Amino acid sequence: MPIIYKTDLVQALKNAGYSTYRIRKEKIMGEATLQKLRQGQPISWEMLAVLCRLLRCQPGDLMEYVEN
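Engineer: Any chance you could break down unusual backbone geometry for me, citing the residues and the numbers?
Structural biologist: We note that lysine 27 has phi near 55°; this positive angle belongs to a residue other than glycine. In this fold, lysine 27 is placed in the loop between helix H2 (20–25) and helix H3 (31–39).

So, in structure tokens, the structure goes:
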């Protein structure tokens, strides 16, 4: 996939105070989305917006285009 995550987003969420337990408990995102983040798979635009809100960043801070 030509779009990759620049960083480990699950770790970035933990560093921002959002453990996977808190994310699931507060229903911020589901386990399937967390698994996609762990595996570097694409997520929805809505989840990208949630990540940007939680991490206080822009989409370009999280992802980049890399030619195959």
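On we go.
Engineer: Can you explain H3? Please cite residues and give values.
Structural biologist: Restricting attention to buried positions, one finds in H3 the residues Thr33, Leu34 and Leu37. Looking straight down H3, one finds that the buried residues subtend no more than 100° of arc, so they occupy a single side. Close packing links the buried residues of H3 with strand E1 (3–5), helix H1 (9–15), H2 and helix H4 (45–55). Following H3 by one or two positions, glycine 40 has its phi on the positive side, about 75°.

Engineer: Which residues make up the environment of cysteine 57, and what are the values?
Structural biologist: Inspection of the secondary structure assignment puts cysteine 57 in the loop between H4 and helix H5 (59–62). Each residue touching cysteine 57, except ones within four places of it in the same chain, is listed here: Cys52 and Leu62.

Engineer: Residue-level account of the state of the cysteines, with values.
Structural biologist: All chains considered together, the criterion is met by 0 disulfides. Sulfur of cysteine 57: no disulfide; nearest cysteine sulfur belongs to cysteine 52 and is 4.4 Å away. Its relative accessible area of 16% is what places cysteine 57 among the buried residues.

The rules behind these values
Residues numbered from 1 in each chain as written. Predicted model: local features only at pLDDT ≥ 70, side-chain atom pairs only at ≥ 80, totals over all residues. Heavy atoms only, no water. Helix = DSSP H or I, 4+ residues; strand = E, 2+ residues; numbered from the N terminus. Buried < 20%, exposed > 50% of the residue type's maximum accessible area, 1.4 Å probe, protein only. Arc of directions from axis to C-beta. Contact = heavy atoms within 4.5 Å. Disulfide = S-S within 2.5 Å.

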